[in-house]
Amino acid sequence: MKHIVESFRSSQDSLFSALEGHDSDAIFQASKQLGQAAAQLGSINANELDPGLKPLISQADDLMQASIYRLRFLRDHSSTRLQLLAGFRENQASTYSDATRGR
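What you see is a predicted model, and the numbers here were worked out from it, not measured in a lab. Residue numbers restart at each chain and count upward from 1, following the sequence in its written direction. Reporting in this predicted model follows two pLDDT cut-offs: at least 70 for local features of residues, and 80 or more for side-chain atom pairs to be given and counted; totals over whole chains, interfaces and linings ignore these cut-offs and use all residues. In computing side-chain properties, one takes all heavy atoms of the structure into account and sets aside hydrogens as well as water.

**Quick word on the confidence of the model for the chain**
For clarity, the threshold we go by: Scored between 0 and 100, pLDDT is the confidence that the predictor attaches to each residue. Secondary structure elements are taken from DSSP: a helix is a run of H or I of four residues or more, a strand is a run of E of two residues or more, and numbering for both begins at the N terminus.
Confidence in the prediction of the chain, expressed as mean pLDDT, is 79, and 84% of residues score 70 or more. At the level of individual helices and strands, the chain shows its lowest average pLDDT in strand β2 (residues 92-93), which scores 54, and its highest in helix α2 (residues 24-42), which scores 87.

**As for unusual backbone geometry**
As a rule of thumb, non-glycine residues mostly have phi less than zero, and peptide bonds are mostly trans rather than cis. Formally: Between buried and exposed lies partly exposed: a residue is buried under 20% and exposed over 50% of the maximum accessible area for its type, with that area taken using a 1.4 Å probe on protein chains only.
Residue H22 is not a glycine yet carries a positive backbone phi of 55°. The exposure class assigned to H22 is partly exposed, which follows from its relative accessible area of 47%.

**Thoughts on helix α1 (residues 2-21)**
Selection rule: Given a helix with a known number of residues, its expected span is that number minus one, times 1.5 Å. Contact between two residues is taken to exist if any of their heavy atoms lie within 4.5 Å; hydrogens are not considered.
In this model α1 runs 29 Å from its N-terminal to its C-terminal C-alpha over 20 residues, within 8% of the 28 Å that 1.5 Å per residue would give. As for α1, its buried residues are in contact with α2 and α3 (54-86). Within two residues after α1, H22 carries a phi angle of roughly 55°, on the positive side.

If you want it as structure tokens, here you go:
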């Protein structure tokens, strides 16, 4: 059981490092790894959880929250960059379609 919790925690570390590095491939790979670790963690019966693992689970929860905030930041940052690169036209970003042609 401890191995499963530690694997989940390690997967979170990998995801957070990938997020900090702005490496999309590493983020994708770390997300897959975290998904697998989360599935294993979900198989643990909460009633059988060793009380000594609660601090580790609490740390994992804190890191998960930090990852969520980082993902939101990267999403907003990417959206802003896309709008700046595309240019603004009447509060609308001009990307691959031309709004004046109705597409």
